[in-house]
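# Chains, contacts and geometry: an overview
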Amino acid sequence: MDNKDTSKPRRPLPTPGAVPSQRPNTPVPGSLNSATVAPASFYGTPKSAVPPTRSQTLGSNFTTYIPPNEPPPYRSSSATGFREPELVTEEPTPELNSWKASSDTVPSYWSNDTWEETWEQDAAKAVANEAWQTPRENFEEYDPMAFIHTSKSSVDVTIDGRGDYEEKHWWDPALRDKEMRPGPGMIPTMLAQELHDPDHSLFSVHVSNPDNTKAANILPAIPLLPSTLTDTSSDPQTSSSPARNAWASSASSASQSSSTPPATSTTAPAPPPPTDSDVRTAVPHPNAYYCPKENGWVILSWKNSSVSPPYATSFKVSRHQPLPDQERRRRRPSCLEYGLSGAANKTHHFHKYEKAVDSHKLTPPFRMEEWEVTESVKQRRRAQTINEDIDIEQMDPKDLDSLSEVDGSVEQEGRLLDLYICCQCSLYCVASGVIPGVIPRKCFDEFIRDKRNSPPLGKSGEIAVYEAIDTIIRIIENKLWKGENRLLRTDRPQFQFKLGWSSNVKRTLEVLGFTEEIFENQPALRPPPTDLASTVGRMNRRRLLRAWVEVSAWVADFKRLNASQFKDIPEKKASCVQIENAREMYQTALGAHPDQIPRGELSGTLLQTVQLSQLHGQDWQNLGLTPMSYSSELLAFAYYAQVRCDPAKTVEYFTSFSNIVGVMQSFRGCPQSLLEILATERSRGRFTLQDLNRAATILGLGENNLLSVEYNEADVPEEFLENAWKACVKRSWREPEAGAEMLRSANEAFRILAEARGSESLMRVWESGKSRVMTPEKAYDTLEVPKDTDEYMLITVYNMRMDESPSQFEKMKEAMTIIAEVRDSERLRQFLELGRDPGDIIEPTRPDLPRGLNQLGNTCYLNSLLQYFYTIKDLREAVIPMSKLDLKSVEDEKLTDDDLKRHRVGGRLVTRREIVRSKKFINQLAELFFNLEYAEAAAVTPSIDLAKLALVTSRDEEEDEADKGGTDSSNDTDATLVDDAPPRAAAADTSTENPRSPTLSPNSVLGKRSRDVDLRQPSVMDLDSPATFPSSPTREDFPSSPSRLSDSPPPLMSPDSPPRMPEASGSGSSAQVDVEMVDATSVKPPPLPPRKANQTSDSVMMFGKQHDVAECMDNCMFQIETALLKFDGVSESQGESSDKTSVVKRLFYGKLRQRLTGPQPSRSSVHEKEDLFSHLPVNVTNDGVDIYDGLSGYFDDVVEFNGEKRRMEVSLVDLPPVLQIQLQRVQFNRETLQPYKSQAYVKFGETIYMDRFMDNADPEKKARSKLIQGRLNYNRERTRLLLEGKDSVSFLTALEHTAAFVKKLGPDVDTVDDELRSALDDEQQMLKDEIDSFRTQADELKEQLEAVWRDNTEIPYELTSVFIHRGSTPSFGHYFFYSRHLPDQPDSWFKYNDSDVTVVPKEEVLADTTGSTANPYLLVFARKGSEVVDTVKRFDALSFEDS
């Protein structure tokens, strides 16, 4: 059809790549001083230029634009007619071919000489400033004009402004500060999403004035009451305040000048209907676009201009990213065209500056209306920004400025808008957030929801919504155009049918200014005053007009979305408010139109993967790109643009680019061009965040790595990082095969970390160090010496080479330096520094490292024990003060029998002799502790007296003195006869009657062995000392009960040697006889020749009659507890409770309950008993168990009692702060009648939870776990039996050997046939299947067992110490122990190996020891939070000097 027949004129279609015209003139400095555009002419004439021909093949989304021959004026002193921009509707338009237009048809309003002059001046200025960048100094290979050239790359990407030097030195902060790049940016498609929610649509709103003649004949939509009241001014003034919004100022003044009633009138006539200007300017701003979803407005404005936008005052003084360089932007009017500087860019690259533009400086300015100010003031009052007691509702709107501008810093500023500037051309965009409509969105949404969910009978939800909104529109129109001031009756049928009366309806109408009144006992609504004579009336008038436009625009969009619901409903009248989707217009202006940036290249599974992955979604956002607008060239452009404009985050951008390319590679859809870019960037030294983490790991950084230091740029100094690199280089020299690769990796890792930190000093170190190519092999070749040459000979040869070839000084010195580093030789380092041989150097021990203990003989287990005691804080603090003890006064101290009877240690009274001996021991121990804290040497030697007192008990001394012919018993009294234990001779005859082993004291930490010196085999120790390994003790049984271990070995002692009672120590009770064990011997050795009394010395006694670890620990703890007894002013009752208050009992002793039940439990068959314990034993026999399995066997077992089987159940009543768990590795072979050491691996971790073993544990869980544990034990025992057999011969091995033997016989043997061979094979397979089945069931049962107690974690204990015995037999081996570095470094451990103390990782402590002879035999745990362990207690001289 012809253009003249169209319903309204159309605008020229924009050309892709060019910026379309916009309704208003966008922000211009000083615009407030320019002439105001007349409202009547703002929207232009009703006729417009004929649009150009539109291609029919490009679809409805393609628009073309004819650029003007001359650019439009930037600023003009005269008001120019302006036409509302119009968009082609989305419906198909097959008549487009009939549109004809000349290519040179240009609207007249584009022609202006002023614009041309401005452009020519700007262009001339740009040319004059070609050399705007100052030359750099000391920058190599720098091209000062590189920014105007397309960066050379193997991949052709259209982008300018890149500089090779700047990108290569992206890490340099000084260079970044000089270049002042604008920071991260985004391409147009991301900007289009940033401007407004992409799921919401923005619409241009076209408003026309309703026909007053037709409107007068329209019947009212709802019933009205006659009223004698007319609009009266609430303000007696006849003068009106100007409109707050400059956009509406002329309309208001025009209406006021023609319609204001005389001041003397008492009853004002009805106000005139809104004029065309009033209606058009009801839109908040010419650049405002309506969003139906938000029921609000968004201001969007864009412009190509070489002049900066009008920045807000607050923005100028704020901290923000640097603005793009204006000189560069002036060189190119548009990124999408070729300009003065040559090749164009792929697209725009926008940078966001929040709150940068003042809305008061827009053209025309945008100001908040009075009702918006009122709401803003209310919100600020709620936030307590305004504290004055002011009645806002009663204030004149013209006085609201005084409240809205309380803060003087923003007194001259309006709403602050966001600014988006393209760094490559003169285009920029200004955008606001959502400006709320008159009816708040929450209220409006609730209103719509109520109407949709509760439609009248016979109406659909959509129709009900439409009629309700249309009723509100009619109410507003009747008020504004008909002057209706009568009350609205809410009880009338039409009102109830269309609107109804509810709190939400009431709130909606109150927002519009209506007030509720009661008329005839029914609510009614009073319309707001809209007279022009008062400020309130004028404000209400503008508010109703705005609401009318917004609601009408919402209805237009609602009908468009639900067109099928309204197709059969005739229009009563044409709508005065029309909307057009603005998305195509602003997308084209910004370069985001699908014709400019196509969509959909990324699709299918790859697109779904990208959209579902939050990580990759962040990668796209980092590059300022959207997945839907992906193309390989656009992705490359986005990456290069981000690196160019924000070099500080080059690593992040390359990481995102690499991740995206990696995802595409995994789907085999990655273009070759992107792979080439990735390879090129790698060759330029680019690295990702993952590379950065790997670099730190390569240099040994990390919590669980070599240096045990987590890498953090703020916490790790540069010097530390440099030393870590050098140490890594040295480690590479020590690797003959992988050394070259390690060196390359170390250099690359150091460069990555140096660049990531932006450190110029580290980069200089890297530059100077990376060129060092001499390897250790070449260093030895340079000096012409073999690798095993000692240091003295090396120095000699070096001096000879220097005398022979002085010119080779640098080369020789470098070779010697590398050798010194490879050997880590302080002697060679000092030689190179001093020029002379310093001789042998003993390197000082770290002051913060614990000190070791030198051996006095076969005392490695004593050293471990003493070091262990020192790590326990409370024990150490109790012992150290005893170094000042006066031993002379102790010996002279006379204690009465009553004094001695007040205290018991180990369940018995102590003698004067034992008290004096114990005080000597603790005095020597205190001296040792002092030396461990203050000694500078790497190791400390314990005194002979301390070793003697620790290894030899007081009873042994008495026996030795008796052998010498007597003893001094002057210090002993009858008190020594008062003992809980039976007389020592009482058990003399029991050894021959009972073939089983006597029971052990439950509190002996490790098993005892024979004290008979004559049975001890002499040995010579090389690396491992011949020491007895702890035997397997059992807990204390009930009185006269046999051993609870049915398979315990018989006593290993001479038939004619009487059994020995245990030495009184820290045991809870000494009524039972300890297991006595001698070294493994099958034949009794011949007796030693008699020794003369005068040949016996302390040394012989100590090392010839030493005891195992169990007796040693018991003896030490007994003497510590005895030495700390207090006899002054202690009552008998206090003495009885001393066991509970001593430091030994408090730290190491807990309480358990034993329960012995018969086959048929009854009250008479149940025996219960509570006792103290210092350790928990775990019997170690088989592999495949953990610490929980071992403890379960102790807490629930079957024993013999009075000749019958009884179940022994043990539960914990109270746990000590320090929990010691003994792994009983000494087992007895009944066939060989020899003890042996079990090397089985018992798994344990850093934490153990004791909840399941407590007396108050959940009974139901206990019963369930007991059932599961029984099945688990059966499966494990069955598996063991199938694997080991009855006579230590595996059934499977026997079958295999038999089958192999049968196969060798051949077919000649009559008794062997194929059936036998097949049967043997089937039997083997069946046995293997059965073993696998039992193993699988065991694993499942173990998982079920742990699941029962998984949530019981209220009693945690953390591992603190692990004692190790290395040796294949119980009689020989070496002891050492590990101690956790608590509380400072819980992931670090110390290894105490006599005089050698080293730091080891926790993996070594927790390692699987299967196949090794070095196994744990004692585990020590501390209750979490108890802080009883303080491993390193060293004197800090530096801190002492500072204080």
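It should be emphasised that the depicted structure is a prediction, and the values quoted were computed from it without experimental measurement.

### Structural notes on the side chain of Glu 327
- Within the secondary structure layout, Glu 327 lies in helix α10 (residues 326-330).
- Relative accessible area serves as the criterion here: at 14%, Glu 327 is assigned to the buried category.

### Quick notes on the nonpolar core
- In terms of nonpolar packing, the biggest core is built from 65 residues, with Val 205, Leu 419, Ile 469, Leu 512, Trp 548 and Trp 554 touching the most fellow members.
- Look past the residues within four positions of Leu 419 in its chain and what remains in contact with it is Pro 309, Tyr 311, His 351, Lys 352, Tyr 353, Ala 356, Val 357, Tyr 428, Cys 429 and Val 430.
- Residues Tyr 861, Ala 950, Cys 1112 and Phe 1390 belong to the second largest nonpolar core, which totals 55 residues.

### Some points on the sheet that holds strand β14 (residues 1150-1157)
- Pairing in this open sheet of 4 strands is antiparallel, and the strands run β15-β14-β19-β18 from one edge to the other. Every other strand in the sheet has two partners, leaving β15 (1167-1173) and β18 (1196-1201) as the edge strands with one partner each. Sheet twist, expressed as the mean angle between neighbouring strand axes with direction ignored, is 35°.
- The pairing of β14 with β15 spans 7 bridges and is classified as antiparallel. When the bridges of β15 are listed, Leu 1152 appears paired with Asp 1171.

### A look at the sheet that holds strand β9 (residues 515-519)
- Spatial strand order, β8-β10-β9: 3 strands in an open sheet with antiparallel pairing. The open sheet has two edge strands, β8 (488-489) and β9, and neither has a second partner.
- Judged from the 2 bridges that link them, β8 and strand β10 (residues 522-526) form a sheet pairing that is antiparallel. By the bridge assignment, Arg 489 is partnered in β10 with Ala 524.

### Regarding the side chain of His 593
- Locating His 593 in the fold gives a position in the loop between α19 (583-590) and α20 (604-612).
- With a relative accessible area of 3%, His 593 lands in the buried category.
- A distance of 3.0 Å separates a polar side-chain atom of His 593 from the backbone nitrogen of Asp 595.

### Side note on a nonpolar patch on the surface
- Together, Phe 930, Tyr 934 and Phe 1435 make up a nonpolar patch on the protein surface, roughly 270 Å² of accessible area in all.
- By the element assignment, Phe 1435 lies in the loop between β29 (1414-1423) and α51 (1437-1442).

### Thoughts on the pattern of salt bridges
- Under the criterion given, the structure shown has 67 salt bridges.
- When the shortest N-O distance is used, the salt bridge between Lys 726 and Glu 722 registers 3.1 Å. Here Lys 726 and its partner Glu 722 are both found in helix α26 (residues 718-733), 4 residues apart, which amounts to about one turn of the helix.
- Residue classification places Glu 722 among the buried positions, given a relative accessible area of 19%.
- Across the salt bridge formed by Arg 751 and Glu 748, the nearest N and O atoms sit 2.5 Å from each other. Of this pair, Arg 751 and Glu 748 both sit in helix α27 (residues 739-757), 3 residues apart, which is roughly one turn of the helix.
- Under the relative-accessibility criterion, Glu 748 is labelled partly exposed at 33%.
- One network of salt bridges, with partners in common, ties together Arg 162, Asp 164, Glu 167, Glu 681, Arg 684 and Arg 686.

What counts, and at which threshold
Residues numbered from 1 in each chain as written. Predicted model: local features only at pLDDT ≥ 70, side-chain atom pairs only at ≥ 80, totals over all residues. Heavy atoms only, no water. Helix = DSSP H or I, 4+ residues; strand = E, 2+ residues; numbered from the N terminus. Buried < 20%, exposed > 50% of the residue type's maximum accessible area, 1.4 Å probe, protein only. Core = buried A, V, L, I, M, F, W, Y, C linked by side-chain atoms within 4.5 Å. Contact = heavy atoms within 4.5 Å. Pairing = 2+ DSSP bridges. Axes fitted to C-alpha atoms, helices over the stretch in contact; angles between N-to-C directions. Polar contact = N/O pair within 3.5 Å; in protein donor to acceptor, adjacent residues only side chain to side chain. Patch = residues over 30% accessible without salt bridge, like charges linked within 9 Å, V, L, I, M, F, W, Y side chains within 5 Å. Areas by Shrake-Rupley, 256 points an atom, 1.4 Å probe, with all protein chains shown as cover. Salt bridge = Lys/Arg side-chain N within 4 Å of Asp/Glu carboxyl O.

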